[in-house]
Amino acid sequence: MSPVQEGIPGKSNYSPSTFKRNIYFFIAESSMATGDYNTVIEYMDKAYDANQLRDKDDFLVSTAFYKYMAMRKLGRHDEAIEMVKAIPNGLDIIDNHSYYDAIMYLKGRTSRERFEGRADSLGRYAMAMVDLFEDNSDDAKEKFTQVTNDNPKGYWLAEVELSKL
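Trainee: I keep staring at the nonpolar core and nothing clicks. Help me out?
Mentor: Within soluble globular proteins, side chains that are nonpolar tend to cluster in buried spots. Counting 48 residues, the largest nonpolar core has F65 and Y66 as its most contacted members. Every residue in contact with F65, bar those within four places of it in the chain, is listed here: Y99, A102, I103, L106, L122, Y125 and A126.

Okay, structure coming up:
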């Protein structure tokens, strides 16, 4: 039996989703907003393990992105940095280019200056989170505000962080 795909295909015309892994992924992602960072880590691992499709690299960068943020929120800074540094360069990314670019920034393969010039909302959110982790709340607030202003329907993870500043 093959996995049942759902979702709208991206630019690659491939729908990299299954109901099973998405349930875990969205529980984890929602847990970022509620501050339940241990659940983020646990359920991103479950989502990655439940993946049965050919987009392992895509899902690696998206789950690692949120695990990194959750680990840093829990004060596990060194562990988070080591985790992203262990992610190989040159992955076979189908659609999650924004996550891949953000991971390359988080692991230090792309400078902030270079990344900032091409970062989308996810990338700017990543930069703002790094600013928070480095106790630079003014720059973080500016980036979070930019992200929310650039997304008329909202960008809830940035909005949650703004509400705390």
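Trainee: Got a minute to help me understand the pattern of salt bridges in this structure?
Mentor: Any two side chains of opposite charge can pair, given that their charged atoms come close. Taken as a whole, this structure holds eight salt bridges when the rule is applied. Residues K73 and E161 are paired through a salt bridge, measuring 2.9 Å at the closest nitrogen-oxygen approach. One end of the pair, K73, is in helix α3 (residues 56-73); the other, E161, is in helix α9 (residues 156-164), with 88 residues separating them in the sequence. The buried category is assigned to E161, whose relative accessible area is 3%. The shortest N-O distance in the salt bridge between E161 and K164 comes to 3.9 Å. Of the two residues, E161 and K164 both sit in helix α9, three residues apart, roughly one turn of that helix.

Trainee: Before we go on, may I ask you to explain the environment of A50 in this structure?
Mentor: Examined against the element boundaries, A50 turns out to sit in helix α2 (residues 37-50). Here the alpha-carbon distance between A50 and I23, two residues 27 residues apart in the chain, equals 10.0 Å.

Trainee: What's the story with helix α4 (residues 77-85) in this structure? I'm lost.
Mentor: Side chains three or four residues apart in an α-helix point the same way, a direct result of the helix having 3.6 residues per turn. A80, M83 and V84 are the residues of α4 that are buried. Taken around the axis of α4, the buried residues stretch over an arc of 90 degrees, which confines them to a single face. Opposite the buried face of α4, by more than 90 degrees, sit the exposed residues D78 and E82. Where α4 is buried, its residues meet α3 and α5 (97-106).

Trainee: Would you mind showing me how to read α5 here?
Mentor: A large share of α5 lies buried, amounting to seven of its 10 residues. Among all positions in α5, only Y99, Y100, A102, I103, M104, Y105 and L106 are buried. Two residues or fewer past α5, G108 is found with a positive phi of approximately 85 degrees.

Trainee: So what exactly am I meant to see when it comes to the packing of aromatic side chains here?
Mentor: Geometry of an aromatic ring pair is reported as the spacing of the ring centres plus the angle between the planes. All chains considered together, the criterion is met by 11 aromatic pairs. Arranged with centres 6.2 Å apart and planes meeting at 45 degrees, the rings of F65 and Y125 form a pair that is tilted. Taken together, the positions of F65 in helix α3 and Y125 in helix α7 (residues 121-133) put the pair 60 residues apart, joining distant regions of the chain. Note on accessibility: F65 and Y125 belong to one class, buried. Seen from their ring centres, Y125 and Y155 are 6.1 Å apart, and the 45 degrees between their planes marks the pair as tilted. Placement of Y125 in helix α7 and of Y155 in the loop between α8 (137-149) and α9 is noted, with a sequence separation of 30 residues between them. The pair Y125 / Y155 is uniform in exposure class, with both members buried.

Calculation notes
Residues numbered from 1 in each chain as written. Predicted model: local features only at pLDDT ≥ 70, side-chain atom pairs only at ≥ 80, totals over all residues. Heavy atoms only, no water. Core = buried A, V, L, I, M, F, W, Y, C linked by side-chain atoms within 4.5 Å. Buried < 20%, exposed > 50% of the residue type's maximum accessible area, 1.4 Å probe, protein only. Contact = heavy atoms within 4.5 Å. Salt bridge = Lys/Arg side-chain N within 4 Å of Asp/Glu carboxyl O. Helix = DSSP H or I, 4+ residues; strand = E, 2+ residues; numbered from the N terminus. Arc of directions from axis to C-beta. Phe/Tyr/Trp six-rings, centres within 6.5 Å; stacked < 30°, edge-to-face > 60°.

By themselves, these are just geometric observations and shouldn't be taken as functional.
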